[in-house]
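# Analysis of the macromolecular model
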Amino acid sequence: RALAEPDALRALVSGQVVELRPKQARQVAGLLRPLLEPGAMVLYGDRLHLLASDLERASIAATRAGLELGPATAIKPSLEDVFAALASPDPDHAS
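Residues numbered from 1 in each chain as written. Predicted model: local features only at pLDDT ≥ 70, side-chain atom pairs only at ≥ 80, totals over all residues. Heavy atoms only, no water.

### Section: helix α4 (residues 79-87)
Buried within α4 are the following residues: Asp81, Val82, Ala84 and Ala85. Take α4 and look down its axis: the buried residues cluster within an arc of 165 degrees, on one side only. Residues of α4 that are exposed and point over 90 degrees away from its buried face: Phe83 and Ala87. Tucked into the core, α4 has its buried residues touching α1 (6-10), β1 (17-20), β2 (41-44), β3 (47-51) and β4 (72-75). (Buried < 20%, exposed > 50% of the residue type's maximum accessible area, 1.4 Å probe, protein only. Helix = DSSP H or I, 4+ residues; strand = E, 2+ residues; numbered from the N terminus. Arc of directions from axis to C-beta. Contact = heavy atoms within 4.5 Å.)

### Brief notes about the environment of glycine 15
By secondary structure assignment, the location of glycine 15 is in the loop between α1 and β1. The sequence separation of glycine 15 and leucine 50 amounts to 35 residues, and the corresponding C-alpha distance is 9.7 Å.

Quick look at the structure:
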């Protein structure tokens, strides 16, 4: 896998990745980290990447905590997203 082309690596992420830009990204990440499977969310400064299948759960948790996720944008997984999914002990996050 380490010698695969980037697009082949991206295909290993199971599910659609979405990007969020919440105003309080670090607080949202801290809230969601214990609720989501390891590797299901990656924080990039003011942006969060997570699987679309986790979006409803994330939105409910954020709303209950008084935080806003902002709009979700479907994106191509970054190589960091691929690494997080492959490093996850949950086989559902990488095929």
